[in-house]
Amino acid sequence: MTDLQPKASHFIGGAYVEDTAGAPIEVIYPATGEVIAVLHAGTSAIVEQAVAAAGAAQAEWAAMTGTERGRVLLKAAALIRERNRELSVLETHDTGKPLQETLVADATSGADALEYFGGLAGSLTGEHIPVGGGDFVYTVREPLGVCLGIGAWNYPTQIACWKAAPALACGNAMIFKPSETTPLCALKIAEILIEAGAPAGLFNVVQGFGETGAMLTGHPGIAKVSLTGSVPTGRKVAAQAAGMMKHVTMELGGKSPLIIFDDADLESAISAAINGNFYSSGQICSNGTRVFVQKGIKEAFLARLAERLGTAVIGDPMDEATNFGPMTTKAQLEIALGYVAKGVAEGARLVTGGERIEREGFWMTPAVFADVTDGMSIAREEIFGPVMSVLDFEGEDEVVARANDTEFGLAGGVFTNDLARAHRVIGRIRAGSCYINTYNLTPVEAPFGGMKASGVGRENSKEAINHYSEVKSVYVCLGKTEAAF
Ligand code: NDP
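These numbers come from a predicted model, not from an experiment.

Caption draft 1: Examining the side chain of Ser-226 more closely. When you line up the elements, Ser-226 lands in strand S10 (residues 224-228). Ser-226 gets classed as buried once you look at its relative accessible area, which sits at 0%. Separated by 3.3 Å, the side chains of Ser-226 and Tyr-468 make a polar contact. When sequence neighbours within four positions are dropped, the list of residues in contact with Ser-226 reads Leu-148, Gly-149, Ile-150, Lys-163, Thr-249, Glu-459 and Tyr-468.

This is the structure:
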């Protein structure tokens, strides 16, 4: 095995733990198809061990002051920043995303979350509410207990940190189950948290397929489930959690609109369309995959877009000049190529790309379809790959109605130089994460998450605190208590 093979599959109670009775998980480097590590899925014994370790650590952690907890998170962030290159190389092995991306978007984004919530930890307080006659109510913000994070495979380090940072800041413990496709990165975050001073058991990693995720979701020792994944999985996990009245955060899929009016700065709009469709080879939930372009600029937009796509550097993800890498899995590559075939079959015009690249690993060229209509599969379904659909529009009311005509509501963007129109249009878009004259930026200070089928709850920002804590109110009576009889 390569030197990427971890000491064991799981990280529980501050140490690596193995149980070879679990089904094997082969970790594949997407750029070559080579197996770089073999792990085992969590068994029920592993799940029990993780829940017990997390429960014990949570009591110790919640008894510390917020400032003390914050100090640990800040130390972890500093260690992540020191090791950014090493963690980025690992992220590239896990996902295939080019090092040019992972050096700036993954471990660094995880560190941002730990810094932000580490900074907030000491200021999480309740309220004092006067209620008359000298009586008052005070509120206390309490941790939920042991929270479960379940991750998708596109941002394994970032997702682990985006869930752990607010959860830990609020005094919870966490068990994180990475996608079985990308299981390596979260183990490093677990090591770093221990090194930063977190109690053993505070952040545990249990590997596994959906079955292990379901065992954890259904465990009575778990108070909350935060899932990043597809809408169908979200429905299953939320239903299972609802049966036990557990809290949930659901960060799910999308088919987001990016609306470009004819007065927009064309080069910026094209940059946004490129970032919002081809960054991470298109494997981003909030991508603006329905690009609505006003009729007058359509051909100029397509010509310049195709020209710029011709300059994409597709190749070895470890070469920092590469800016477009492989798909993370063979299955996802086949899904994306299948949608290219569907787009052609349903009558859309393939402007460029969409071909399998004949080399080891899971490669295709970025695809752009024009003349896409609202009913086509490529305009309705989440592809989660590098396939952009360009749709024409004429007027504002028309484009807003069409943009909202979807079960999803994760993100949306508008490009225009008309200030009033920009705010008016965004005000009418039913989506949780919106952009004016840019796309897909996700600073930790801003709430992130979806409306409609795209999710429940928000990650990042002060909003996340509400999703990892609950409020107790205490009525204090200063006088006598009376009764009718
Ligand atoms: P999946 O929905 O297939 O899986 C998500 C996670 O859930 C995986 O760890 C998976 O395990 C686990 N899982 C599957 N079934 C169950 C179950 N019954 N109980 C508990 N856990 C289960 O998503 P992908 O990993 O394929 O990721 C792609 C999807 O994620 C896209 O739809 C994308 O839009 C969405 N996403 C959303 C984001 C957001 O913030 N809104 C961000 C990134 C991605 P296993 O992999 O082993 O099956």
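Caption draft 2: Representation of the sheet that holds strand S16 (residues 387-393) in the model. If you walk across this open sheet you meet the seven strands as S14-S15-S16-S13-S12-S18-S19, and the pairing is mixed. A strand with exactly one partner marks an edge of an open sheet, and here the two such strands are strand S14 (349-352) and strand S19 (433-436). For this sheet the average axis-to-axis angle between neighbouring strands, irrespective of direction, equals 20°. Against the sheet, helix H10 (residues 266-278) engages strand S12 (257-260), strand S13 (290-294), strand S15 (367-370), S16 and strand S18 (411-415), with an angle of about 140° to S16. Of the strands in this sheet, S14, S15 and S16 are in contact with helix H12 (residues 330-345), which crosses S15 at around 25°.

Caption draft 3: Summary view of the pattern of salt bridges. In total, this model carries 27 salt bridges according to the counting rule given. Put simply, Lys-298 and Asp-392 hold a salt bridge, and the shortest N to O gap is 3.1 Å. Note that Lys-298 is positioned in helix H11 (residues 298-309) and Asp-392 in strand S16, a separation of 94 residues in sequence. Pair check on accessibility: Lys-298 and Asp-392 agree, each one buried. Residue Glu-381 is joined to Lys-342 by a salt bridge in which the shortest nitrogen-to-oxygen separation is 4.0 Å. One end of the pair, Glu-381, is in the loop between helix H13 (377-380) and S16; the other, Lys-342, is in helix H12, with 39 residues separating them in the sequence. Residue class for Glu-381 comes out partly exposed when judged on its relative accessible area of 32%.

Caption draft 4: The state of the cysteines, seen in detail. Counted by the stated rule, this structure contains zero disulfides. In this model Cys-170 remains outside any disulfide bridge; the closest cysteine sulfur is found in Cys-147, 8.4 Å from its own. Residue classification places Cys-170 among the buried residues on the basis of a relative accessible area of 6%.

Caption draft 5: Structural detail: the site of the ligand. Inspection of the region around the ligand gives 28 residues, with Glu-180, Ser-230, Thr-233, Leu-252 and Glu-382 positioned closest. Gly-151 is positioned such that a nitrogen or oxygen atom in its backbone is 2.7 Å from an oxygen atom of the ligand. Looking at the shell around the ligand, the elements with two or more residues in it are helix H8 (210-217), S10 and helix H9 (231-243). Element by element, the count of residues in the shell around the ligand is highest for H8, at three residues. Looking at the shell around the ligand residue by residue, the classes come out as 13 nonpolar, 11 polar and four charged.

Caption draft 6: How the structure looks around the side chain of Ser-88. Mapped onto the fold, Ser-88 is located in helix H3 (residues 84-95). For Ser-88, a relative accessible area of 1% gives the class buried. At a separation of 3.2 Å, a polar atom in the side chain of Ser-88 contacts the main-chain carbonyl oxygen of Thr-102. Those residues in contact with Ser-88 that lie beyond four places of it in its chain are Leu-99, Thr-102 and Leu-103.

Caption draft 7: Region of interest: the packing of aromatic side chains. Counted according to the given criterion, the structure contains seven aromatic pairs. Where Phe-11 meets Tyr-16, the ring centres are 5.1 Å apart and the plane angle is 85°; that geometry is what we call edge-to-face. No difference in accessibility class separates Phe-11 from Tyr-16, as the two residues are buried. With centroids separated by 5.2 Å and ring planes inclined at 80°, the aromatic side chains of Trp-153 and Phe-384 adopt a geometry described as edge-to-face.

Analysis parameters
- Residues numbered from 1 in each chain as written.
- Predicted model: local features only at pLDDT ≥ 70, side-chain atom pairs only at ≥ 80, totals over all residues.
- Heavy atoms only, no water.
- Helix = DSSP H or I, 4+ residues; strand = E, 2+ residues; numbered from the N terminus.
- Buried < 20%, exposed > 50% of the residue type's maximum accessible area, 1.4 Å probe, protein only.
- Polar contact = N/O pair within 3.5 Å; in protein donor to acceptor, adjacent residues only side chain to side chain.
- Contact = heavy atoms within 4.5 Å.
- Pairing = 2+ DSSP bridges.
- Axes fitted to C-alpha atoms, helices over the stretch in contact; angles between N-to-C directions.
- Salt bridge = Lys/Arg side-chain N within 4 Å of Asp/Glu carboxyl O.
- Disulfide = S-S within 2.5 Å.
- Near = heavy atom within 4 Å.
- Nonpolar A, V, L, I, M, F, W, Y, C, P; charged D, E, K, R; others polar.
- Phe/Tyr/Trp six-rings, centres within 6.5 Å; stacked < 30°, edge-to-face > 60°.

Geometry only, nothing functional implied.
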